[in-house]
Amino acid sequence: MSAVSIFAPAKLNLFLAITGRRADGFHDLVSVVVKVDFGDTLRVEPAESFSLTCDDPDVPTDETNLVLRAARAFAEEVASEGAARGGARFVLEKRIPMGAGLGGGSSDGAAALRALNERAGQPLADIQLKVIAAKLGSDCALFLQEGPVVMRGRGERVEPLGPGAAARLRGRRVLIFKPAFGIATPWAYARMAAEAPASYLPVADAEARLAAWCDGTAPADALLFNNMERVAFAKHLALPTLLDELREKFGLAPRMSGSGSACFALLADDAPVADIGAAIRAAWGESAWVREARIA
């Protein structure tokens, strides 16, 4: 079998409402998620067993990585279907920063599923891949769906955003930026649980907000919301301080993506990107990560 290279895009939560904690310890959410034209690249080469190498030494390459977990899950499912199974050597070009809320690990895991299925001649249907992805992590399944999506449940229920609403998002320029520090997702959810119920948005309110935007004609900027910002901003004051500055100086509507620490701002065609980037680095230092992209 020949080698396969798969693009693993970053994601942004344009709308993220955490609505409550479930009995199983996970949280329920309602979220509009988009993928962007920036991300990692995963190369899959024939091999006798599964292995992973990465050009970023900080990325774990053991069984904790979702790429290898996805590979094991795929192999088990294929074996149960009676198809031949084999290994693969994964080579990951890592571009999505970790601890950012951009879904890098989940996207890599989904890319591994797609690549293995392609190399094996598509033995598993899309729905089977999505079931595997949902078991790997809350964000994995969304990367197997084309275009902007709505996630519900703990993230395993994924459906396409309506065509009219999706058209208001596709192609939009966006600036994504992250400070040197990351935010651990388990910590963010634990803080929300500790501050409940004030930290949650009731599901009826979340659905009403989403429906109002989807059924209307308001631009993408009117959709933006993230109630995970509250706990993140309380601990990391550098985040709200910069976002307030970008609002005042450039008229932007910046938000945090997921549990952070990455933030983003939708850009007008004439936005002074160089000046905005300079303001970000002036506030967060030269180690700040800044990247322009477009919504896919």
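Higher on the page you've got the structure.
In this text, all values refer to a predicted model and were calculated from it rather than measured experimentally. (Residues numbered from 1 in each chain as written. Predicted model: local features only at pLDDT ≥ 70, side-chain atom pairs only at ≥ 80, totals over all residues. Heavy atoms only, no water.)

Q: Would you mind going over the overall build of the protein with me for this structure?
A: Looking only at helices and strands, one finds nine helices and 11 strands in the protein. With the C-alpha coordinates of the protein rotated into their principal frame, the extents come out at 60 × 40 × 40 Å. Surface summary for the protein: the accessible area is close to 12,700 Å², and the carbon and sulfur share equals 51%. Computed over 33 positive and 36 negative side-chain charges, the separation of the two mean positions in the protein equals 2 Å. (Helix = DSSP H or I, 4+ residues; strand = E, 2+ residues; numbered from the N terminus. Areas by Shrake-Rupley, 256 points an atom, 1.4 Å probe, with all protein chains shown as cover. Lys, Arg positive; Asp, Glu negative; His and termini not counted. Charge placed at Lys NZ, Arg CZ, Asp CG, Glu CD.)

Q: I tried to follow unusual backbone geometry on my own but got confused; where do I start?
A: Most peptide bonds take the trans configuration, and most residues that are not glycine carry a negative phi. Between Ala196 and the following residue, Pro197, the backbone shows a cis peptide bond with an omega angle of 5 degrees. Relative to the helices and strands, Pro197 resides in the loop between α5 (185–194) and α6 (203–215). Of note in this structure, Gln122 is not a glycine but carries a positive phi near 60 degrees. Among the structural elements, Gln122 can be located in the loop between α2 (104–119) and α3 (126–136).

Q: When you look at the packing of aromatic side chains in this model, what are you seeing that I'm missing?
A: For any pair of aromatic rings, the description consists of the separation of the ring centres together with the inter-plane angle of the planes. Evaluation of the coordinates by the stated rule reveals four aromatic pairs. Between Phe177 and Trp284, the aromatic rings sit 5.8 Å apart at their centres with planes inclined by 45 degrees, giving tilted as the arrangement. Within this pair, whereas Phe177 is found in strand β7 (residues 173–178), its partner Trp284 is found in helix α9 (residues 273–284), the two being separated by 107 residues in sequence. Positioned over the ring face of Trp213 is Arg168, at 4.1 Å from the centre of the ring. Here Lys235 stacks its cationic end above the ring of Trp187, 4.7 Å away from the centre of that ring. (Phe/Tyr/Trp six-rings, centres within 6.5 Å; stacked < 30°, edge-to-face > 60°. Lys NZ or Arg CZ within 6 Å of the ring centre and 35° of its normal.)

Q: Which parts of the structure should I look at to understand the nonpolar core?
A: Generally speaking, a soluble globular protein has its nonpolar side chains buried in company with each other. If you look at the biggest cluster of nonpolar residues, it comprises 69 residues, and the most contacted ones within it are Phe90, Phe177 and Ile280. Here Ile280 is in contact with Leu175, Phe177, Leu242, Leu246, Gly285, Ala288 and Val290, once residues within four sequence places are set aside. Core analysis: the second largest hydrophobic core is formed by 33 residues, Leu14, Trp213, Leu224 and Ala293 among them. (Core = buried A, V, L, I, M, F, W, Y, C linked by side-chain atoms within 4.5 Å. Buried < 20%, exposed > 50% of the residue type's maximum accessible area, 1.4 Å probe, protein only. Contact = heavy atoms within 4.5 Å.)

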